[in-house]
Amino acid sequence: MPQRLVVTGASGYIGARLVEQARRRGCEVVVLGSRLPGSDVTAVPWRLGEVPRLTAFLGATAVLHLAHDWASDRAYGTAPENANLAGTHILADTARGAGLTRFVFASTTSARPEAFNAYGKIKFAIEERLRAQPWSEGRIFCARIGLVYGGPERAQYALMSKLAALPVLPMIGLDREVQPIHVDEVCDGLLALLLHPPAGRHTVVIAGPQPVTFGTWLRTLRRARHGRKMLLVPVPIGLALAGCDLSRRIPFLPTVERERVLGLAGAAPMPSADDVAALGLSLRDPARALRQTRPARRRLLAESAVMLRYVTGRRVRSSGAIIRLARAIRRDPASARALPWPAMCWPALMRFVEPIRPTPRHGLARRLHLAAMVAETLPARRHWGATWWLRAAVQLTLEAVALPFRFVFRAFTA
Amino acid sequence: MSDPAADIVVIGSGPAGVSVALPLVEAGRRVVMIDGGRDGDAPAGTPWRRMLGAHLEALAPDDGLSPKWRTPEARRLLGAFHAHEPIDTEDFNAVGALGRGGLSRIWGAFVCELQADDLQGWPLTAYDLRASYDAVVSRIGVSGSHDDDMAAFYGSADVLQAPPPLGPTAAAMFKRYTIARPDPEFALGRARNALITENRWQRQSCDLRLACLWGCERGAIYDARQDLALLRQHANFELRDSAAQRLAPAEGGWDVITTRGEHLHAPRLVVAAGALGSLRLVAPLLSPATELRVLNSPVMAVPLLVAGRLGGELPTAGHSLAQLGFRLACSPTAGDYVSGAIYEVAGLPPSSFAARMPLGRRAATEIFQALAPALAIATIYFPGRYSANTVTLRPPAQGDQSPRIEVRGGVAAGFDEVARTVRQRLTVIWRRLGARPLPGTTLATAGTDAHLGGVFPMGVVAPHGTNNYGELHAAPRLHLVDGSVLPSIPSKFTTLTVMANADRIGRYLAEVA
């Protein structure tokens, strides 16, 4: 019989991904909160702090509580009025009353009493309250999640991605250690907790076992996404906080949350290797995982545009054509190699590296053939009429010039 | 479970299947036809959907042999066929289709009749096929000329529709031909295509949009699904969506076991699954020691440059089926000739040609576009006796019921010599017609022509032979009606003959069934 899971915060960065993965594994999911747009997942309306309808828990085995009320953090800080505090308590109690045996609370690696930011303090306080429940043993699990990356650019991964686009970045907390973990790995870990929790643990750390400094992490992101280096300028924390305050006072300026700055400044690693192993996770190297995700797609699109430009001899403005070519290249196993950067800048250079005898097995030849097939679907080009021979002569001359280079290139790459 | 609802079960809804079924249904016989139910038309709409497929299924590298095989429709049909038929090949291109209408959904639509000379060694005479040729031609709608040098070669022309206008490159060649007559043994004339130029029931005439390759939305090109629509108006006809898996002799007839696990029973069984599909179905009924063969018509494609057309405009209206047809006698012996067709490149995708030019992709594309108004492609078909393909039946693998079939392609000894002579003679003739052969002539892999035959030849007295009505000697009451029963493959397009022969067998079965 499929397991039925109740999930809060299902529309968030982790939640959306998790619902998708849980369903793929054959679990039924009930979303507690607002309905997911464009999805057929059952949703039971609920807001953090309310007592959820018991129907949501019918036939369910476990609850995953991902939702977090940021506004409440801002308004009440660590005061008892914070909706996160009471809301989690109510949710856990109701689930227990409905006969559910597992309650997984999404916490953070910054959860500690001495955390600089309210988020870390609140999460810690909630953990403490959950642990104090008389029935918590073997039923309540707190998952302390590290710095999540990968997948769609949302939440703090969106912020990191934006920062990684900058060549020079003044930043605080560059020497603080963070524990990056891919969003899919987080989902795997949470699902493992929900379905087969390891015995004897109340708190589980789902974070990269090898901490890296925040500065290194930003550089890794930038290299993977843009293939460039990054100059980081350390900023003292006092100055940064002053900047935050200032940004809030000046209208029309994007504000920077004090919370985030404090969170970063207070980051400290937690040992996670044991927990990761207990959950049966095998974590990927973040640098490699990043290359395989979204940025790689962006580069593929750029390459597709270059290929089309080379084949047609003009800039192709149809984004549809570029996307279609990228899709075809991506699923074609024989053409995994990326174009070197000079060809990305000057597509005409491809003439000098094209294979002399294009066989269907040659990666570049295949890509160019696919590009030509896509180019045919674009509106027809103007006809040259009387200048046909001039065009042909120019092409043949260029071909003759390029031929020796192609021989040399073949000799080097063979 | 037996199925008393049918007098005859027909396997396959391609040109042969519908041709055999029509006379049966019209005579009141109850017919059940089965075929793997892929029916969707090529999606209309944006150019990329037509050319690449809604799911980009046709955006994948192809072998570049003929643009015809790279369309979404062709890939769907062939893909389904290969997924269904366990045929191993070597140097052979196994062309077959699984889906309603069969290969007629992607055919070149060239039609011609066989003459007495072509029927040597057949247990039939031209007279036997006459009525059926006329019936099929008037049913499918054929356009062509009845007063040029090829008219008699292509057959009786009573019911022809007027041909569509010639493309400019083909017109230039044809004009030179009518003035010069370059060789007494060479003849050139208008192609004869199953392309209608006058509206008919449920079909619209060709509007010269140059979109033939990607599927004609107007139904101007004949496609067996049009006859299927006709058949489905009869109450005594039933079409079922399932592919035949296995045939088994049963009490008083045959059982067809389908991929859906149905058992269809009928006193008579007609197999029209295409030469390779029928081979796969019928071979398990024969002893493994039976020596089978497959004939095909070796085909060459020659790119021609009509110098007088250089710098001209690429036509924006026309069709991309064959423009002209030709014939060249090889020796004074009757029936010893090669024939072929001439195509223009307008409406064909440039990438298929650029891929085969010995140039970089950019240069190839540009030069192709510069030359395109002056380009023509001639295909030369050689008689099937020059093919030497072998069929091997391997014992079934564990857990399998039917033997594995392996087809190995090849050409007969002496073919290269014949081909060289023909090419040399044609080169002289092309020059006199104002065209120059360009480098890049290729002999297609055996089987690519899809003119297959000779598997269960009519009139051959052997277990794998069939009688005049396609009835297999080793399996009475099982009739084969597709290309597999042709005793020989002439250097002509065979589809019309397959249809006419199926029609003839259908008329016979209507009387005896």
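What counts and how
- Residues numbered from 1 in each chain as written.
- Chains lettered and ligands numbered in written order.
- Predicted model: local features only at pLDDT ≥ 70, side-chain atom pairs only at ≥ 80, totals over all residues.
- Helix = DSSP H or I, 4+ residues; strand = E, 2+ residues; numbered from the N terminus.
- Rg over C-alpha atoms; globule rule 2.2 N^0.38 Å.
- Contact = placed C-beta atoms within 7 Å.
- Buried ≥ 20, exposed ≤ 12 C-beta atoms within 10 Å, placed from the backbone.
- Pairing = 2+ DSSP bridges.
- Nonpolar A, V, L, I, M, F, W, Y, C, P; charged D, E, K, R; others polar.
- Domains from an automatic or database assignment.
- Core = buried A, V, L, I, M, F, W, Y, C linked by C-beta atoms within 7 Å.

Re the overall build of chain B
Then, in step 1: Across its full length, chain B carries 12 helices and 19 strands.
Then, in step 2: In summary, chain B has a C-alpha radius of gyration of 22 Å against a globular reference of 24 Å for 513 residues, a match within 12%.
Then, in step 3: Counting only C-alpha atoms and orienting by the principal axes, one finds that chain B spans roughly 70 × 50 × 50 Å.
Then, in step 4: Residue pairs in contact within chain B that sit at least 24 positions apart in sequence constitute 74% of those at least 6 positions apart.

Some thoughts on the overall build of chain A
Then, in step 1: Summing up its helical and strand segments, chain A has 16 helices and 13 strands in all.
Then, in step 2: Each of the three principal axes of chain A carries a C-alpha extent, and together these read 90 × 55 × 40 Å.
Then, in step 3: Here chain A, with 414 residues, has 40% of them falling under the buried criterion.
Then, in step 4: Counting contacts in chain A only where the partners sit at least 6 residues apart, residues at least 24 apart contribute 75% of the total.

Let's talk about the environment of A:A118
Residue and element names in this part refer to chain A.
Then, in step 1: With respect to the secondary-structure elements, A118 resides in helix α4 (residues 118-131).
Then, in step 2: Take A118: there are 23 C-beta atoms within 10 Å of it, and that puts it in the buried class.
Then, in step 3: As for A118 and D175, which are separated by 57 residues in sequence, their C-alpha atoms are 21 Å apart.
Then, in step 4: Look past the residues within four positions of A118 in its chain and what remains in contact with it is D73, G77, T78 and E259.

Re the pairing of strand β4 (residues 62-65) of chain A
All names here are of chain A.
Then, in step 1: Burial along β4 is two-sided: the face carrying A62 and L64 and the face carrying V63 and H65 are both buried.
Then, in step 2: Where strand β1 (residues 4-8) meets β4, four bridges bridge the pair, whose relative direction is parallel. Across the sheet, residue L5 finds its bridge partner in β4, namely A62.
Then, in step 3: Where β4 and strand β5 (residues 102-108) come together, four bridges link them in parallel fashion. In the strand pairing of β5, H65 is matched with F105.

Re the interface of chain A and chain B
Then, in step 1: Taken together, the contact pairs 32 residues of chain A with 27 residues of chain B.
Then, in step 2: The set of elements that each furnish at least two residues to the side of chain A that touches chain B consists of α12 (294-312), α13 (319-331), α15 (363-375) and α16 (388-413) of chain A.
Then, in step 3: Take the side of chain A that touches chain B: its biggest share by element is eight residues, from α16(A).
Then, in step 4: Of the residues assigned to the side of chain A that touches chain B, the class counts are 17 nonpolar, six polar and nine charged.

A closer look at the domain arrangement of chain A
Then, in step 1: Each domain of chain A was delimited in the assignment, giving domain 1 (4-292) and domain 2 (294-413).
Then, in step 2: In this structure, domain 1 of chain A and domain 2 of chain A have C-alpha centres spaced 44 Å apart.

Here we look at the nonpolar core
Then, in step 1: Core analysis: the largest hydrophobic core is formed by 189 residues, its most contacted members being A:L308, A:L325, B:V9, B:I11, B:A21, B:M173 and B:A376.
Then, in step 2: Per-element tally for this core: the top contributor is α15(A), with eight residues.
Then, in step 3: Contact partners of A:L308, with chain neighbours within four places excluded, come to A:V316, A:A321, A:I322, A:L325, A:A371, A:V374 and A:A375.
Then, in step 4: In this structure, A:A10, A:C27, A:L64 and A:V183 belong to the second largest nonpolar core, which totals 82 residues.

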